[in-house]
Amino acid sequence: MFIIGLTGGIACGKSAISYELKQLGAETFDVDEVTHKLLQPDGELFKIYVRHFGEQVIMEDGRLDKKIISEIIFHDEEERLWINSVAHPVLLNYTRQFLVDCAERGTEVVVLEIPLLFEAGWEDLVDEVWAVYLPREMQIYRLVRRDRITPQQAAARINNQMSVKEICDRADVTINNTANQNSLQKKILAALKGKLPPKNLLTE
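Residues numbered from 1 in each chain as written. Predicted model: local features only at pLDDT ≥ 70, side-chain atom pairs only at ≥ 80, totals over all residues. Heavy atoms only, no water.

## Considering the overall build of the chain
Defined as follows: By definition, any uninterrupted DSSP run of H or I lasting at least four residues is a helix, any uninterrupted run of E lasting at least two residues is a strand, and each is numbered from the N terminus. Put simply, the radius of gyration uses C-alpha atoms, and a globule should come to 2.2 Å times the residue count raised to 0.38. Contacts: residue pairs with any heavy atoms within 4.5 Å of one another. Each accessible area is a Shrake-Rupley estimate made with a 1.4 Å probe; only the visible protein chains count as cover when residues are assessed.
On a plain count of helices and strands, the chain comes out with 11 helices and 5 strands. Expected size for 204 residues packed as a compact globule is a radius of gyration near 17 Å; at 18 Å, the chain falls within 12% of this value. Expressed along its principal axes, the backbone C-alpha trace of the chain runs to roughly 55 × 40 × 30 Å. For the chain, restricting intrachain contacts to residue pairs at least 6 apart in sequence, the fraction spanning at least 24 positions comes to 71%. A total accessible area of about 11000 Å² is found for the chain, and carbon and sulfur atoms account for 49% of it.

Okay, here's the thing in structure tokens:
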């Protein structure tokens with residue numbers, strides 16, 4: 001089983017690359033998607049966060065106010081470190097179980113979409129790290145549109161993460177996500193060739 005760790009800066013389009021790999025036959029695991037489920041009312045992380053932050057982070061409908069939590073952790077280093085210290089072990093257990101399930105099914109290629117792969121120290125889980133990146137201006141633009149925040153808030157969130165340069169320097173494969181879909185597919189196929197046995201991933 002060949003495991004790709006897909007990472008990159010916020011709003012750089014990791015999911016687009018993951019989707020293309022899935023279309024080529026890979027099984028994918030999105031850590032953000034799992035996090036979202038665990039943050040639903042009665043979810044494992046929901047309970048932990050409410051115990052820590054209090055009722056202020058619960059909206060009227062009973063769901064977690066993730067915008068408030070985001071603002072807290074993006075402006076308070078201690079709180080950000082606390083979030084990571086409690087969330088990463090929980091998410092790691094789910095990730096490892098997914099890999100076990102894939103191995104039992106005989107899966108040949110797995111993609112783990114992990115935004116904070118290097119920060120969490122999960123490099124040892126994967127055979128190869130792929131980093132997705134964008135020019136900073138486009139990254140800010142996409143983040144503003146996605147999260148409905150100001151450019152200043154977007155820049156602050158980007159600055160609070162590992163730099164795109166460091167992520168790309170540490171990755172085995174880097175993909176500029178400004179390309180059109182056809183070019184993107186060619187880049188992905190080129191990155192896969194010579195490394196993977198599955199025929200379905202090597203057919204153009």
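On we go.
## Quick notes on the nonpolar core
Spelled out, the test is: The term nonpolar core refers to a set of buried residues drawn from Ala, Val, Leu, Ile, Met, Phe, Trp, Tyr and Cys, joined through side-chain atoms within 4.5 Å. The classification of residues rests on relative accessible area computed with a 1.4 Å probe and restricted to protein chains. Under 20% of the type maximum is buried, over 50% is exposed, and intermediate values are partly exposed.
The biggest cluster of nonpolar side chains holds 39 residues, and the ones touching the most others in it are Leu45, Tyr49, Leu64, Ile69, Leu112 and Trp122. Of all elements in the fold, only helix H2 (31-38), helix H3 (44-53), helix H4 (66-75), helix H5 (77-105), strand E3 (109-113), helix H6 (117-120), strand E4 (128-133) and helix H9 (164-170) reach the threshold of two or more residues within this core. A per-element tally of this core places H5 first, with 8 residues. In contact with tyrosine 49, other than residues within four places in its own chain, are Leu39, Gly54, Leu64, Ile69, Trp82, Ile83, Val86 and Ala87. Counting residues in hydrophobic clusters, the runner-up holds 20 residues, among them Phe2, Val132, Leu184 and Ala191.

## A word on the pairing of E4
As a reminder of what qualifies: Strands were regarded as paired on the criterion that DSSP finds at least two bridges between them.
By the criterion of burial, E4 is predominantly enclosed, with 5 of the 6 residues buried. As paired strands, strand E1 (residues 2-8) and E4 are joined by 5 bridges and run parallel to one another. By the bridge assignment, glycine 8 is partnered in E4 with valine 132. In this structure, E4 lies alongside strand E5 (residues 173-176), joined through 4 bridges in parallel fashion.

## Section: unusual backbone geometry
We note that aspartate 42 has phi near 75°; this positive angle belongs to a residue other than glycine. Relative to the helices and strands, aspartate 42 is located in the loop between H2 and H3. A positive phi angle, close to 55°, is found at arginine 148, a residue other than glycine. What makes arginine 148 exposed here is its relative accessible area of 75%.

## Concerning the packing of helix H1 (residues 14-23) against helix H10 (residues 181-192)
Formally: Every axis corresponds to a line fitted to the C-alpha atoms, with the helix fit spanning only the stretch in contact, and the corresponding angles, defined between N-to-C directions, vary from 0 to 180 degrees. What sets the label is the angle itself: under 35 degrees gives roughly parallel, over 145 gives roughly antiparallel, 65 to 115 gives roughly perpendicular, and the rest give oblique. When the near helix sits turned anticlockwise from the far one by under a right angle, the crossing is termed left-handed; a clockwise turn instead gives a right-handed crossing.
The interhelical angle for the contact between H1 and H10, taken along N-to-C directions, is 65°, at an axis separation of 11 Å. Classed by the angle they form, the pair H1 and H10 counts as roughly perpendicular. Remark: the crossing between H1 and H10 carries right-handed chirality. When H1 is examined against H10, the residues Ile17, Glu20 and Leu21 are found in contact with a partner set consisting of Gln181, Leu184, Gln185, Ile188 and Leu192.

## Observations regarding the environment of arginine 142
Among the structural elements, arginine 142 can be located in helix H7 (residues 136-147). Taking the C-alpha atoms as reference points, arginine 142 and alanine 154, 12 residues apart in sequence, are found 9.1 Å from one another. Apart from residues lying up to four places away in sequence, arginine 142 is in contact with Ala11, Cys12, Gly13, Leu134 and Asn177.

## A word on the side chain of asparagine 176
To keep things clear, this is the line we draw: Whenever a nitrogen or oxygen atom comes within 3.5 Å of another N or O atom, the pair is scored as a polar contact, on the condition that within protein one atom can donate a hydrogen and the other can accept it, and that pairs from neighbouring residues in sequence are kept only if both atoms are in side chains.
On the secondary structure map, asparagine 176 appears in strand E5. A polar contact of 2.7 Å, which involves the side chain of asparagine 176, links it to the side chain of threonine 178. What asparagine 176 contacts, discounting residues up to four positions off in sequence, is Tyr133, Leu184 and Lys187.

## So, the layout of surface pockets
Stated precisely, the cut-off is as follows: Whether a set of points on the 1 Å grid over the protein atoms alone is a cavity depends on a 1.4 Å probe fitting there but being unable to get out, while an open set qualifies as a pocket with protein on both sides within 12 Å along at least five of seven lines; lining residues are those with an atom within 4 Å of a point. Grid points are joined across faces, edges and corners, and a volume is the space filled by probe spheres set on the points.
Estimated volume of the largest pocket: approximately 1400 Å³. Surrounding the largest pocket, 45 residues form its lining, Ile10, Asp32, Ser70, Phe74 and Arg146 being those nearest its centre. Going through the elements one at a time, H1, H2, H3, H4, H5, H6, H7 and helix H8 (151-159) are the ones with two or more residues in the lining of the largest pocket. Take the lining of the largest pocket: its biggest share by element is 7 residues, from H4.

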